[in-house]
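Each chain, letter by letter, is given below.
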Amino acid sequence: MSFDHTVDVLVVGSGGGALTSAIAAQANNADVLVVEKSDQYGGTSAMSGGSIWIPNSHLSGPAGGEDSREAALEYILTSVGEKADRKRVEAYVDFGPRMLKFLEENTHVIFECQPYSDYYPELPGGKRGYRTHEPYPMHARVLGKDFETMRMPHHAIVVMDRYSMNNVEGKYLLTQAPGWQKVMAKLMARYWFDIPMRLRGKRDGRLTMGNALIGRLRWSLNDRKIPVWLSAPMRELIIEGNRVRGAVVEKDGKLMRIEARSGVIMGAGGFEHDQSMRDQYLPKPTSTDWSASNTNNTGDGIKLGMAAGAATDLMEHAWWIPVIPVPGIPRPWAIFAERSLPGLVMVDSKGQRFTNEAAPYLEAGAAIGAHHSAEASSVPAYCIFDNTFRRKYPFGPLGPGAVMPDSTLPPGIHKGIMHKAETLAELAKSIGVDPAGLEDTVRKNNDYAASGKDPDFQRGDSYYDRYYGDSTHQPSPCIGPIEQAPYYAIALYPGDIGTKGGLLTDENARVLDKNGNVMEGLYAIGNTAASMMGTKYPGAGSTIGPSMVFGYIAARHATRAND
């Protein structure tokens, strides 16, 4: 069998998991090549919040947390439930802290443990913080020309389309917590006084969240001289007998046969931007227009693995999130936490609530799709709020009305997605919702706001619900009255930040065939693999965290690392 190029490990994709696996393999003396389909590196990781969920890390205790291996296992196994693969869960819990230490000791990647709540903190083993780790910010100057080809952050996590923020700063701005003005002034001053970057363009040179993670990983790859081929899609797996020997990669318009002596690690994303795969596997209605992820995620690795005989799992599931498609903006606006703020309800075509608005975004996004029926349409669902909410809080593409009044909104928002009326009945009519149902729902919401308790869906009961609520609002930080005209409505769709289904893997990230046998030489991580989190989302960073941990595991296994 002849090859055009030979390496020990071929890494397909350039997100957090892929780049971590490349560094881990090279650290064990492997010759590594990273190939990326698009002309930008970083994948969905670069567009994301960049945090990783790692229980029981060495950073947790010093930051103020208290954790253990036993608590972590109990929480994951309980929250994930029947879809939990104990061997994969144990590998994740055991290798997660080791991966963090490896990066800290061998790369420029540095994390800070945050007091960010698990998504189900009341479950056994759940914690109210210190399992989510956020990458430290960095400056783009260290990347040189490689900064120009790093994928940009999602517009939902960039303030006013200019200013980078980290998660702590974002919470201040979202909840309008005391001191938020100083936070905003600091972001603006840092941006405008960075003269070298202003001469280069609009993009902020301070990299945070996903850009900080990918930037630090790419900085580390450059130090190690690990090559990254951009615009180099994988076209085919090369199989000999029962072993994957490498892959055919297109580079500069030519097909190259790449031998991977130790293995191919596929971290090429999910299939959320392939409409035919969505139609085949995901609940309907479904649309690529509702996915907030990297548009290059069209299931390439999953398709090639399936063609080679790989088994799959969880193909009907995604990392759901409510989204707002905005005319003129290529990706929808993902609504991560605004739903926790007091003074809004989410309703179906009958004008009735159908879920806890403040629930974790996977739960809220899934509920929009699951509730939809001919009797009560919830695709789209409508988020209803009043002038008090509009003036005080941001919501998706809407900045707080106090600083971004309606008259300043671009037409795509003002006339495209935002509905406004002087009465609830008029608002209901404009969006096709039952007026009596909406008025009754708002009346009940206002009663709940006075008592601070939601007997229908328990909004605000969980510590997680309250984490992104308004701590200055009483008696509940998550429930407020809707009573001051004008009234507003914005449509929400069952969007995603990636698909959950993919190739079935074992605890070493090796791909399994339909008979449960290992496909030698082939590894899958991230959304190319079926999620070890099953249908759930235990905490912030449960997407990138497993991708990086199993990327680390795959690299060690492929290169036969010993310790």
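Structure shown above.
Keep in mind that this is a model prediction, so the values were computed, not measured. (Residues numbered from 1 in each chain as written. Predicted model: local features only at pLDDT ≥ 70, side-chain atom pairs only at ≥ 80, totals over all residues. Heavy atoms only, no water.)

## What about the overall build of the chain?
No. 1: Of the regular secondary structure elements, the chain holds 18 helices and 23 strands.
No. 2: A compact globule built from 563 residues should have a C-alpha radius of gyration of about 24 Å, and the chain, at 23 Å, falls within 12% of that.
No. 3: Dimensions of the chain along its principal axes, counting C-alpha atoms only, are 75 × 55 × 50 Å.
No. 4: Sorting the 563 residues of the chain into buried and exposed places 61% on the buried side.
No. 5: Within the chain, counting contacts between residues at least 6 apart in sequence, those at least 24 apart form 74% of the total. (Helix = DSSP H or I, 4+ residues; strand = E, 2+ residues; numbered from the N terminus. Rg over C-alpha atoms; globule rule 2.2 N^0.38 Å. Buried < 20%, exposed > 50% of the residue type's maximum accessible area, 1.4 Å probe, protein only. Contact = heavy atoms within 4.5 Å.)

## Concerning the sheet that holds strand β4 (residues 111–114)
Hydrogen bonding along the main chain pairs the strands of a sheet, whether they run parallel or antiparallel.
No. 1: Sheet architecture is open: three strands sit in the order β3-β5-β4, paired in antiparallel fashion. Edge positions in the sheet fall to β3 (52–53) and β4, since each of these pairs with one other strand and no more.
No. 2: When β3 meets strand β5 (residues 132–135), the two strands line up antiparallel, connected through two bridges. By the bridge assignment, W53 is partnered in β5 with T132. (Pairing = 2+ DSSP bridges.)

## Quick word on the packing of aromatic side chains
No. 1: Summed over the entire model, instances satisfying the criterion amount to 23 aromatic pairs.
No. 2: Arranged with centres 6.3 Å apart and planes meeting at 65°, the rings of F389 and F395 form a pair that is edge-to-face.
No. 3: What links up through ring pairs into an aromatic cluster is the set Y116, Y119, W319, F336, Y361, Y464, Y467, Y468 and Y537.
No. 4: When the ring centre of Y467 is taken as origin, the NZ or CZ atom of K171, which lies over that ring, is 3.7 Å away.
No. 5: A cation sits over an aromatic face here: R257 above F3, 5.6 Å from the ring centre. (Phe/Tyr/Trp six-rings, centres within 6.5 Å; stacked < 30°, edge-to-face > 60°. Lys NZ or Arg CZ within 6 Å of the ring centre and 35° of its normal.)

## So, the packing of helix α15 (residues 424–431) against helix α16 (residues 435–451)
No. 1: In contact at an axis separation of 9 Å, α15 and α16 are set at 130° when each is read in the N-to-C sense. One way to sum up the angle between α15 and α16 is to call them oblique. Seen along the crossing, α15 lies across α16 with a hand that is right-handed. Of the residues in α16, those touching α15 at L424, A425 and A428 are P435, L438, E439 and V442.
No. 2: For the contact of α15 with α16, the class distribution of residues is six nonpolar, no polar and one charged. (Axes fitted to C-alpha atoms, helices over the stretch in contact; angles between N-to-C directions. Parallel < 35°, antiparallel > 145°, perpendicular 65-115°, else oblique. Left-handed = near helix turned anticlockwise from the far one by under 90°. Nonpolar A, V, L, I, M, F, W, Y, C, P; charged D, E, K, R; others polar.)

## Some thoughts on unusual backbone geometry
Glycine aside, the phi torsion of most residues is negative, and most peptide linkages are trans.
No. 1: A cis amide bond, omega 0°, links K284 with the succeeding residue P285.
No. 2: Along the chain, P285 turns up in the loop between α10 (275–281) and α11 (300–307).
No. 3: With an omega of 5°, the peptide bond running from V379 to P380 counts as cis.
No. 4: Residue position: P380 is located in the loop between α12 (361–371) and β18 (381–386).
No. 5: The backbone phi angle of D252 is positive, close to 55°, even though this residue is not glycine.
No. 6: Relative to the helices and strands, D252 is located in the loop between β12 (243–251) and β13 (254–266).
No. 7: What makes D252 exposed here is its relative accessible area of 66%.

## What about the nonpolar core?
No. 1: Counting 106 residues, the largest nonpolar core has Y92, F111, I324, F385 and F395 as the members making the most contacts within it.
No. 2: Looking at which element gives the most residues to this core, the answer is helix α18 (residues 544–558), with nine residues.
No. 3: If we skip the residues at most four places from it in the chain, F395 touches I324, I335, E338, L344, C383, F385, F389, I490 and L492.
No. 4: In this structure, V7, L237, A260 and V511 belong to the second largest nonpolar core, which totals 32 residues. (Core = buried A, V, L, I, M, F, W, Y, C linked by side-chain atoms within 4.5 Å.)

## Some points on the side chain of N166
No. 1: Here N166 lies in the loop between β8 (163–164) and α6 (167–175).
No. 2: On the basis of relative accessible area, N166 is assigned to the buried category, the value being 15%.
No. 3: A polar contact of 3.1 Å, which involves the side chain of N166, links it to the backbone nitrogen of V168.
No. 4: Among the polar contacts listed, one links the side chain of N166 to the backbone nitrogen of E169, at a separation of 2.7 Å.
No. 5: Excluding residues within four positions of it along the chain, N166 makes contact with E134, R206, T208 and M209. (Polar contact = N/O pair within 3.5 Å; in protein donor to acceptor, adjacent residues only side chain to side chain.)

## Brief notes about the pairing of strand β15 (residues 318–324)
No. 1: Of all seven residues that make up β15, seven are buried, and the element is covered over most of its length.
No. 2: Of the pairings in the sheet, the one linking β15 to strand β20 (residues 487–499) comprises five bridges and is antiparallel in character. Bridge pairing links I321 to G495 in β20.
No. 3: Bridge analysis of β15 against strand β16 (residues 333–334) gives two bridges, and the strand direction is antiparallel. In the strand pairing of β16, I324 is matched with W333.

## Re α16
No. 1: Its 17 residues give α16 an end-to-end C-alpha distance of 25 Å, which sits within 8% of 24 Å, the value for a rise of 1.5 Å per residue.
No. 2: Along α16, the residues that are buried comprise G437, L438, T441, V442, N445, Y448 and A449. Down the axis of α16, the buried set is contained in an arc of 130°. They therefore lie on one face. Opposite its buried face, α16 presents the exposed residues A436 and A450, each directed more than 90 degrees away.
No. 3: Buried-residue contacts for α16 involve β17 (344–347), β18 and α15. (Expected span 1.5 Å × (residues − 1). Arc of directions from axis to C-beta.)

## Description of the pattern of salt bridges
No. 1: Inspection of the entire model under this criterion finds 28 salt bridges.
No. 2: The closest approach of N and O atoms between K37 and D300, which form a salt bridge, is 3.1 Å. One end of the pair, K37, is in the loop between β2 (32–35) and α2 (43–47); the other, D300, is in helix α11, with 263 residues separating them in the sequence.
No. 3: Put simply, D470 and K392 hold a salt bridge, and the shortest N to O gap is 3.0 Å. Of this pair, D470 sits in the loop between α17 (463–467) and β20 while K392 sits in helix α13 (residues 387–392), and the two are 78 residues apart along the sequence. (Salt bridge = Lys/Arg side-chain N within 4 Å of Asp/Glu carboxyl O.)

## With respect to the environment of D161
No. 1: Along the polypeptide, D161 turns up in the loop between β7 (158–159) and β8.
No. 2: Counting along the chain gives 42 residues from D161 to R203, while the straight-line C-alpha distance between them is 8.7 Å.
No. 3: A polar side-chain atom of D161 sits 2.7 Å from a polar atom in the side chain of K202.

## Let's talk about α18
No. 1: In a regular helix each residue adds 1.5 Å, so 15 residues correspond to 21 Å; α18 covers 21 Å between its end C-alpha atoms and thus fits that length.
No. 2: Taking burial as the measure, the 15 residues of α18 include 14 buried ones, the bulk of the element.
No. 3: Of the residues flanking the end of α18, it is R560, one or two places downstream, whose phi is positive at about 55°.

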